[in-house]
Structures are given as structure tokens and as C-alpha cells.
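Reading the structure
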Amino acid sequence: MKIAVVGTGYVGLVTGTCFAETGVKVVCVDVDSDKIQSLKAGSVPVYEPGLEAMIKRNTAKGRLHFTTDIGEGIESADAVFIAAGTPPEEDGSADLRHVLRVAGDIGKTINDYIVVVIKSTVPVGTSLKVQKVIMEELEKRDLKIPFDMSSNPEFLKEGSAVEDFLKPERIVIGTGTEKAAEIMRRLYKPFLLNNHPIYFMDIASAEMTKYAANAMLATRISFINEIANLCDILGADVNQVRKGIGSDSRIGSKFLYPGTGYGGSCFPKDVKALIKTAADHGYELNVLKAVEKANNFQKSVLLRKIRNHFNDNLTGKTICIWGMAFKPHTDDIREASAIALAEMLLNEGAKVIAYDPAAMNETRKVLGEKITCATDMYEALKGADALALMTEWAEFRIPDLDKMAELMKQKVIFDGRNIYDPAEIRKFGFVYYGIGRR
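Everything numeric here is computed off the predicted structure, so don't read it as measured data.

Taking 1.5 Å as the rise per residue, helix α1 (residues 10–21) with 12 residues should run 16 Å; its terminal C-alpha atoms sit 17 Å apart, in good agreement. In terms of burial, α1 is a largely internal element, 11 of the 12 residues being buried. Of all the positions in α1, only Tyr 10, Val 11, Gly 12, Leu 13, Val 14, Thr 15, Gly 16, Thr 17, Cys 18, Phe 19 and Ala 20 are classed as buried. Gly 23 lies just past α1 and shows a positive phi near 105 degrees.

Even without being a glycine, His 329 presents a positive backbone phi close to 65 degrees. Structurally, His 329 can be placed in the loop between β9 (318–322) and α15 (337–347).

Time to look at the nonpolar core. Where a protein is soluble and globular, its nonpolar side chains tend to be buried together. The biggest cluster of nonpolar side chains holds 41 residues, and the ones touching the most others in it are Ile 106, Ile 110, Val 116, Val 130 and Ile 134. Once you skip the residues sitting within four places of it in the chain, Ile 134 turns out to touch Ala 103, Ile 106, Gly 107, Ile 110, Val 116 and Phe 147. Of all hydrophobic cores here, the second largest spans 38 residues; its members include Ile 3, Leu 51, Leu 156 and Ile 173.

What follows covers the pairing of strand β2 (residues 25–29). In terms of burial, β2 is largely enclosed, as 4 of its 5 residues are buried. Two strands pair when backbone bridges link them, and strand β1 (residues 2–6) and β2 are joined in this way by 5 bridges, in the parallel orientation. By the bridge assignment, Lys 2 is partnered in β2 with Lys 25. Handedness of the crossover joining β1 and β2 through α1: right-handed. Of the pairings in the sheet, the one linking β2 to strand β3 (residues 64–67) comprises 4 bridges and is parallel in character. Looking at β3, one finds that Val 26 is bridged to Leu 64.

Now for the packing of aromatic side chains. Using the criterion set out here, one finds 12 aromatic pairs in the structure. Seen from their ring centres, Trp 322 and Phe 396 are 5.0 Å apart, and the 15 degrees between their planes marks the pair as stacked. Here Phe 396 lies in the loop between β12 (386–389) and α17 (401–407) and Trp 322 lies in strand β9, a separation of 74 residues in the sequence. A residue is classified by how much of its surface remains accessible, and Trp 322, at 0% relative accessible area, is buried.

Once that is clear, we can look at the side chain of Thr 318. Looking at the element boundaries, Thr 318 is found in strand β9. Among the residues examined, Thr 318 registers a relative accessible area of 11% and is labelled buried. For Thr 318, the residues in contact, after removing those within four places along its chain, are Lys 351, Ile 353, Gly 383, Ala 384, Asp 385 and Ala 386.

Here we have 8 strands laid out as an open sheet, ordered β3-β2-β1-β4-β5-β6-β7-β8, and mixed in their pairing. In this open sheet, the two edge strands, each paired with only one partner strand, are β3 and β8 (198–201). Across the sheet, the mean angle separating the axes of adjacent strands is 25 degrees when strand polarity is ignored. Looking at chain direction, strand β4 (residues 79–82) and strand β5 (residues 114–118) are connected through 4 bridges and run parallel. Counted as the bridge partner of Phe 81 is Val 117 from β5.

As a further point, take the environment of Ser 151. Residue position: Ser 151 is located in strand β6 (residues 147–151). Ser 151 gets classed as buried once you look at its relative accessible area, which sits at 3%. For Ser 151 and Tyr 432, which are 281 residues apart along the polypeptide, the C-alpha to C-alpha distance reads 48 Å. Dropping the residues within four chain positions of it, Ser 151 is found in contact with Ile 118, Ser 127, Val 172, Ile 173, Gly 174, Ile 203, Ala 206 and Glu 207.

Cut-offs and rules
- Residues numbered from 1 in each chain as written.
- Predicted model: local features only at pLDDT ≥ 70, side-chain atom pairs only at ≥ 80, totals over all residues.
- Heavy atoms only, no water.
- Helix = DSSP H or I, 4+ residues; strand = E, 2+ residues; numbered from the N terminus.
- Expected span 1.5 Å × (residues − 1).
- Buried < 20%, exposed > 50% of the residue type's maximum accessible area, 1.4 Å probe, protein only.
- Core = buried A, V, L, I, M, F, W, Y, C linked by side-chain atoms within 4.5 Å.
- Contact = heavy atoms within 4.5 Å.
- Pairing = 2+ DSSP bridges.
- Right-handed = clockwise from strand over helix to strand, strands pointing away.
- Phe/Tyr/Trp six-rings, centres within 6.5 Å; stacked < 30°, edge-to-face > 60°.
- Axes fitted to C-alpha atoms, helices over the stretch in contact; angles between N-to-C directions.

Remember that the coordinates give geometry; whether it matters functionally is a separate question.
This is the structure:
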């Protein structure tokens, strides 16, 4: 089989590379010629464990190709995957310009039957818009080339995306014809051999499934953060509460870890987009509005603790931040709570020194010279009045507390992910603050 994947961002690269790993001939297409040249040279624009080696292996085997020519990509292809970005508009709706532009390019170049698969996260009804654009381009060419639409949402977690794709918890495919369903079934056959579940449904339901999944996960995060904040007030320990409720099989323990709010490229924009979609159809998603409000509040929870400790005066204080990415194993800082904290601290007159194992280049692009970027976790602590732990990278989990005590001006730790044992930390003379912990 041959497929084209249009868009070489995070989703497109992982999708194309993983399909190539199963023996499919894949052509990845992008309008950014510099990015395509870099990929041909073996340079990968995103940080994702295992992806670079897989790209090099499949490129060398001749199964993975990169081009700016969409015609080359879709020639003789069984399917073309649209993996264009859908950034949020100011009103929260998904920006579909890139997706619809790709649809137009497909309509201008297809010469034979193909399945057009939307891999991007898009609102319900987008497939119909894409279909309309393709048909309009075909009419301009005075052609009646058959094609089918399909929705195949991704459920990839940054930091484990390759593993998620190769060993999916589920595969969701929305189709309108049996012919399209058969092509998608053949394409995913290697995954079915390992008994990974595949669910065929109508296209609108597939589009909705992606948003509903992310909205549910975001809701769980905001819920446990709200409970943690109440634990702070009432003197309860949220870690004990989390275990108590997580043992209920109806609830489960996943996504019940309190922290400083969710971030990244998916949850914030998808919650906003679902709220806007509902509003456009005259319905108000009250629960999700509360989820978004709670998350915005949570991003300042550590700042309030820092302010309180320093008697509402952060002028001249040096705060070290460990972890700038929104989660471990990625360099993605989009909507990251650490970026928000750094900006709030700067506005309060504090000096910020930051360190992250993977995201310092991205951090520099956003914060520039406003903060000091360290090259080592301990270098970042020199002269610090406090440490704010924001991302639970493995290397932060068992730090040298004696060394930290020597380097820091004041021994204060604000643990935004509750990864440390408060009793142990205090044995070394540190003042400890967590999220919802006594």
C-alpha cells in the first residue's frame, strides 16, 4: 500500500513514520521546503523519543519519503492523510484554514480514486467542508474523480507517541462507504494482528470521539486540582484522597494527579473548541466551562504559595524553575504552566532561572533574555531563594539535597507535581510546599 501524509508536524511525522515501519510506502508532504530538506538530511523538528531513529531507518529502507509536491505524494496512493495544524482562533474555535487549503490542493491534483483521511483534530462537520472543497476543485477541472472521506483521530501522548501508535489502546475510524472502510482496515491490519481494538463508526461520531476524550481527561485533571486546593484549606492530604477514590473501579486512578494545571497542544485548545462548537449550535457546555475556569485558576496556584511565603514581596528574589515543558519527554511548552509561572514571577519583580532537559530552546524563543537559562539542574539553583518544580522529569525525582542546600540562598521548595516526600525534604532543612498536602 501507499499513502500520503500532508503535514510534517508532530502528528503527521509520527503517523507517516509508524505506517512506514509496518511496510507501507509513505510520502510525507509539507509546504515548508526548509523543513523538508532538514528531514531529508535526517534532522527531526520535534522532540519525541524513538522517532528520529525510526525516521532514519525507514528512509534508508526506501519506505519513507519527503517532498513539497503533493502531486508526487498522492500519485497511486490508496489514501491521503490530512495532518495539518488546527490552532485556536481568538474565540476558541479551531482554525481550519490549513486543513481546507490541503483539501484544495488534493482537489487540484488527484487523478484516481483515493480515501481522504482527516487525522487533524477538527470539529464535527469538518469532513463535509473538506469534501465540498475537493469537489469544487474537481468541478473547476471538469472532472468527476471518485473519492471517499474518512475520519481517523489520533490519540497520541507526547513523550510516548511512537509507542502509542504502534500499540494503540483503540483505533477509531469514521467512514461512509464500505470501500473506504476496507482500505482503512487493510492499512491497520498489522495492528489488528496484536488484538488492538478497532472501532468503525460514522464520520461525525469519530470526529466527536476525539474531542470528548480530551475533554473528559481535562475534566479529571481540573477536578482533582480543585479537590487538592480544598485539601490545602481543610488540612487533608490529596495524595491519600486520590488513592482512596482511585481504588473505586468506577473512577480509577489515571489522570488524578494534582498539579499546576494542564497544558500542551491538545487539552486547552480542544476544550475551547468543543465549548465554541456547542455555543454555535445553541448549547452551553457548563461542565467544560468550569473545567477551563478551574485550569486557568490552577496555573497561578504556585505563585500564590510563593507570594505567601515571601510576604507578598518578590522584588529581587531569585526563583529557580525545574521543568519548562508541559510534561516530561517532550520539548512542547505550549500552554505550559511553567511558562505562565515564569511570566507571573517576572511581573512581580522576581528573577527567574530555568532548566529543562529538552525544552530550553523553545523556552528561549518565548521568554528570550527575560530569564536566565541554565544548562544543568544544579547550576540553575545557585543563589536561588526558592525552587519551583514544574515538570516531573525523571532526573528531578531523586536530587542531591545536600548539594541543593549548599547552592541555594534560601532552602525553600515549591513542589508543583507532588513528587517529593515532604518529611524527607524537611530532614535536610528545607521548607516544603506541595499541592493539597499537609
